Amino acid sequence: MINHYYWPTPNGHKTAIMLEETELEHEVVTVNIREGGQFDPAFIAISPNNRIPAIVDTNGPQGKPFSVFESGAILLYLAEKSGKLWPQNMVERYDVMQWLMFQMGNVGPIFGQNGYFQGYCPEDVPLAKQRYHDMCQQLYGVLDRRLSVSEYLAGPAYSIADVATFPWTMPKQREMHDIDIEQYPNARRWSDTVAARPAVERGTSLMVADLKVGSPSEETYNNMFGARQFGP
């Protein structure tokens with residue numbers, strides 16, 4: 001059994017999709033980051049940086065419970081455990097790995113900052129808005145060029161690189177990031193293709209009714225972005 005510590009954010013969607021794709025037995029453990037659930041000591045013992053998602057595999061290596069935090073590491077663990085969406089051929093595997101690292105090191109951080117300044121920041125900071133919007137568009141350009149010559153990010157086969165990147169390109173994310181996807185037709189084609197997968201539909205619909213975007217209360221802001229988030 002995989003205990004999936006989750007809240008419906010792009011990073012949470014990654015692991016929800018992957019669990020649906022792999023069909024591994026799992027159970028959702030809600031971590032309400034708006035209400036400060038990420039600061040529960042029991043959760044921090046699993047995820048030291050108090051971020052979702054995290055998992056505990058009750059039947060991990062050598063049959064013992066095993067916890068994993070950081071969404072990219074979770075995708076790799078689930079891929080290895082299930083044998084799915086992770087090629088065995090070394091060249092193909094590193095094609096997947098580099099696009100997974102592209103998401104972890106570029107798409108996630110930059111899109112996240114763009115989303116903060118466009119949708120959550122209590123002050124209007126035009127320079128930051130423009131900077132991160134420009135960087136977001138640049139990354140869409142990278143995706144679009146890649147997808148002009150490849151069906152999926154790492155080649156002809158769907159992989160964990162697509163699972164990791166897709167949630168950041170969903171319509172609600174594009175709206176928050178002020179991205180006109182029609183400027184990136186290859187990225188649009190890929191995003192629509194991935195979105196139509198049944199496992200993706202299930203993973204991205206999980207608990208979305210609980211997600212509220214923008215204009216957080218003072219308590220929610222402090223839990224997600226402010227003083228409490230930067231506490232010990």
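This is a predicted model, so every value here is computed, not measured.

Asker: What exactly am I supposed to notice about the layout of surface pockets here?
Answerer: Regions of empty space are outlined by a rolling probe, equal in size to a water molecule, passed over the atoms. Each pocket or cavity is described by its volume, and for the largest pocket that value is around 1,300 Å³. Along its surface, the largest pocket is lined by 42 residues, and Thr9, Asn11, Gly112, Trp168 and Phe225 are the ones closest to its centre. Within the residue set of the lining of the largest pocket, elements represented by two or more residues are α1 (10–22), α4 (90–120) and α7 (171–177). If one sorts the elements of the lining of the largest pocket by residue count, α4 sits on top with 10 residues. Class assignment of the residues belonging to the lining of the largest pocket gives a composition of 21 nonpolar, 17 polar and 4 charged. Taken as a whole, the second largest pocket spans an internal volume of roughly 160 Å³. Together, Leu85, Trp86, Pro87, Glu92, Asp95, Val96, Ala154, Gly155, Pro156, Ala157, Tyr158 and Ser159 line the second largest pocket. Considered class by class, the residues forming the lining of the second largest pocket number 8 nonpolar, 2 polar and 2 charged.

Asker: Help me understand the nonpolar core in this model?
Answerer: Inside soluble globular proteins, nonpolar side chains tend to come together where they are buried. In terms of nonpolar packing, the biggest core is built from 54 residues, with Met18, Leu78, Tyr140, Tyr158 and Ile160 touching the most fellow members. Put simply, the parts of the chain that give this core at least two residues each are α1, α3 (71–82), α4, α5 (126–147), α6 (160–165) and α8 (185–195). Here the element with the most residues in this core is α4; it accounts for 11 residues. Excluding residues that lie within four positions of it along the chain, Leu78 makes contacts with Ile2, Met18, Leu19, Thr22, Leu24 and Ile55. Of all hydrophobic cores here, the second largest spans 13 residues; its members include Phe43, Ile46, Val56 and Met224.

Asker: How should I be thinking about the pairing of strand β3 (residues 54–57) in this particular structure?
Answerer: Every regular strand shows the same layout, with side chains that alternate between the two sheet faces. With burial as the criterion, each face of β3 is covered, one bearing Ala54 and Val56 and the other bearing Ile55 and Asp57. Taken together, the 4 bridges between β3 and strand β4 (residues 66–69) define a ladder with antiparallel strand orientation. Bridging across to β4, Ile55 finds its partner in Val68.

Asker: Just to check I follow, could you spell out α8 for this structure?
Answerer: Taken as a whole, α8 has its buried residues at Ala187, Trp190, Ser191 and Val194. All buried residues of α8 fall inside an arc of 100° around its axis, so they share one side. Buried residues along α8 sit against α5, α6, α7 and α9 (198–205).

Asker: Is there a simple way to explain the pattern of salt bridges in this structure?
Answerer: Opposite charge on two side chains lets them pair, provided their charged atoms get close. Within the structure shown, the criterion is met by 7 salt bridges. Between Glu20 and Arg202 there is a salt bridge whose closest N-O contact spans 2.7 Å. With Glu20 in helix α1 and Arg202 in helix α9, this residue pair connects regions lying 182 residues apart in the sequence. Among the residues examined, Arg202 registers a relative accessible area of 41% and is labelled partly exposed. The closest approach of N and O atoms between Arg188 and Glu182, which form a salt bridge, is 2.3 Å. Each of the salt bridges in this network shares a partner with another, and the network as a whole consists of Glu182, Arg188 and Asp192.

Asker: Is there a simple way to explain the side chain of Ser191 in this structure?
Answerer: Residue placement: Ser191 occurs in helix α8. Non-local contacts of Ser191, meaning those with residues more than four positions away in its chain, are made with Phe166, Thr169 and Arg174.

The rules behind the values
Residues numbered from 1 in each chain as written. Predicted model: local features only at pLDDT ≥ 70, side-chain atom pairs only at ≥ 80, totals over all residues. Heavy atoms only, no water. 1 Å grid on protein atoms, 1.4 Å probe; cavity = no way out; pocket = protein on both sides within 12 Å on 5 of 7 lines; lining within 4 Å. Points joined across faces, edges and corners; volume = space filled by probe spheres on them. Helix = DSSP H or I, 4+ residues; strand = E, 2+ residues; numbered from the N terminus. Nonpolar A, V, L, I, M, F, W, Y, C, P; charged D, E, K, R; others polar. Core = buried A, V, L, I, M, F, W, Y, C linked by side-chain atoms within 4.5 Å. Buried < 20%, exposed > 50% of the residue type's maximum accessible area, 1.4 Å probe, protein only. Contact = heavy atoms within 4.5 Å. Pairing = 2+ DSSP bridges. Arc of directions from axis to C-beta. Salt bridge = Lys/Arg side-chain N within 4 Å of Asp/Glu carboxyl O.

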